[in-house]
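The chain contents come next:
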Amino acid sequence: MEVATESMEVKNGNSSEPVDDRCSDNDFGPSILGTKEYWEEAYQKELETFTDIGDVGEIWFGEESMSRVLRWMDKAKIPENASILDIGTGNGAFLVELAKHGYRNLTGIDYSPASVELSKNVLQAEDLTDVPVKELDFLNCQGELKGFDVCIDKGTFDAISLNPDNSVEGKKLYVQALKDALKDKGFFAVTSCNWTKEQLLDRFSEGFEFVQDLPSPSFQFGGKTGNSVTALIFKRVH
Ligand SMILES: C[S@@+](CC[C@H](N)C(=O)[O-])C[C@H]1O[C@@H](n2cnc3c(N)ncnc32)[C@H](O)[C@@H]1O
């Protein structure tokens, strides 16, 4: 398992650039990481690796990014039968952690067919064949996703924001799809390396109430202190 920590080098098309370059707080341009082709190719390779040696591949933002959300879920007393959606599940590693934590009403979605196959294989290897993973574009799910108590996003809103074709529209569609997917008073747990707390508060201001931020490691650069990832909890309100 490759643990992509906050200081990871990420593959960005032809080059590897440090995560902090890719995830600058304010201005980040379109990137290959915002395309379906990129993720399909990435998960195709991870699927081959998993088949060969059983390695689940990249854990985006590191293991701690999952533990921090799980700790919040414990504190918030999210019941084990809560319906939980993992938006853009990737390799399904978060679904495995949620299931191991006792959650039993889980759904994963991803628009990459290779991701869906990989996550199904990863779940199967853990005897978690009853966790559904669907191939679905979150921005075009036509009412298929609704009534969730908790929606989790780790890196997917970031990816959508980097779409070279239409990130402005994508971000709006994302907010609407999230509103539709969550129950009233349902929670949204988002982990981002592209957006600051202020920017996320702004983006999810209408129809959501800020609940809390989850402490994440900070770094110092040029005399300024910043966080390499932002993890926030929102509540759906009407
Ligand atoms: C940075 S990866 C994170 C994967 C996973 N959440 C994790 O933490 O390992 C972004 C994921 O979002 C998925 N994705 C991007 N846009 C999507 C969309 N419109 N609908 C569904 N999945 C999407 C990608 O296929 C990829 O799996």
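Under the annotation held in an unreviewed UniProt entry, the chain carries the name EEF1A lysine methyltransferase 2 and is attributed to Cottoperca gobio. The UniProt entry for the chain carries this comment under Catalytic activity (unreviewed entry): "L-lysyl-[protein] + 3 S-adenosyl-L-methionine = N(6),N(6),N(6)-trimethyl-L-lysyl-[protein] + 3 S-adenosyl-L-homocysteine + 3 H(+)". If you open the UniProt record of the chain and go to Sequence similarities (unreviewed entry), you find "Belongs to the class I-like SAM-binding methyltransferase superfamily. EFM4 family."

1. Observations concerning the site of the ligand
Around the ligand, 20 residues are found, and the nearest of them are W39, G88, G90, K154 and G155. Broken down by secondary-structure element, the contributors of at least two residues to the shell around the ligand are β6 (105-110) and α6 (156-161). The leading source of residues in the shell around the ligand is α6, at three residues. Considered class by class, the residues forming the shell around the ligand number nine nonpolar, eight polar and three charged.

2. With respect to the sheet that holds strand β7 (residues 133-135)
Taken in spatial order, the seven strands line up as β7-β6-β5-β8-β9-β13-β10 in an open sheet, and their pairing is mixed. At either end of the open sheet lies a strand with only one pairing partner, and these are β7 and β10 (208-213). Here the average twist between neighbouring strands, direction ignored, is 20 degrees. Taken together, the five bridges between strand β5 (residues 83-87) and β6 define a ladder with parallel strand orientation. Residue pairing in the sheet places I87 in a bridge with I109 of β6. Packing of helix α4 (residues 93-100) onto the sheet brings it into contact with β5, β6 and β8 (148-154), and relative to β6 it is tilted by some 175 degrees.

3. Quick look at the nonpolar core
Within soluble globular proteins, side chains that are nonpolar generally end up buried alongside one another. Grouped together as the largest cluster of nonpolar side chains are 60 residues, with contacts concentrated most on I84, L85, C151, I152 and F188. Non-local contacts of C151, meaning those with residues more than four positions away in its chain, are made with L85, I87, L178, A181, L182, G186 and F188.

4. Concerning the pairing of β5
Of all five residues in β5, four are buried, a share of seventy percent or more. For the crossover that starts at β5, traverses α4 and ends in the parallel β6, the hand is right-handed. With four bridges joining them, β5 and β8 adopt parallel strand pairing. In the strand pairing of β8, I87 is matched with D153.

5. Some thoughts on helix α3 (residues 64-75)
With 12 residues, α3 extends 16 Å between its outermost C-alpha atoms, agreeing within 8% with the 16 Å of an ideal straight helix rising 1.5 Å per residue. Those residues of α3 hidden inside the fold are in contact with α4, β8, β9 (182-192) and β13 (230-236). Once α3 ends, the next one or two residues include K77, with phi positive near 55 degrees.

6. Regarding helix α2 (residues 36-53)
The α-helix advances 3.6 residues per turn, and as a result positions three or four apart in sequence lie on the same side. Taking 1.5 Å per residue, 18 residues should reach 26 Å; α2 reaches 25 Å between its end C-alpha atoms and fits that length. In this fold, the buried residues of α2 make contact with α5 (113-125). G54, located one to two residues past α2, shows a positive phi value of around 75 degrees.

7. Some thoughts on the packing of α4 against α5
Contact pair α4 / α5: the axes reach a minimum separation of 9 Å and the direction vectors enclose 30 degrees. Taken together, the axes of α4 and α5 lie roughly parallel to each other. Considering the relative orientation of α4 and α5, their crossing is right-handed. Taking contact as the criterion, the partners of A93, L95 and V96 in α4 are, on α5, S119, V122 and L123. By residue class, the composition of the contact of α4 with α5 is five nonpolar, one polar and no charged.

Rules and cut-offs
Residues numbered from 1 in each chain as written. Predicted model: local features only at pLDDT ≥ 70, side-chain atom pairs only at ≥ 80, totals over all residues. UniProt positions renumbered as here; feature names shortened; annotations may be inferred. Near = placed C-beta within 6 Å. Helix = DSSP H or I, 4+ residues; strand = E, 2+ residues; numbered from the N terminus. Nonpolar A, V, L, I, M, F, W, Y, C, P; charged D, E, K, R; others polar. Pairing = 2+ DSSP bridges. Axes fitted to C-alpha atoms, helices over the stretch in contact; angles between N-to-C directions. Contact = placed C-beta atoms within 7 Å. Core = buried A, V, L, I, M, F, W, Y, C linked by C-beta atoms within 7 Å. Buried ≥ 20, exposed ≤ 12 C-beta atoms within 10 Å, placed from the backbone. Right-handed = clockwise from strand over helix to strand, strands pointing away. Expected span 1.5 Å × (residues − 1). Parallel < 35°, antiparallel > 145°, perpendicular 65-115°, else oblique. Left-handed = near helix turned anticlockwise from the far one by under 90°.

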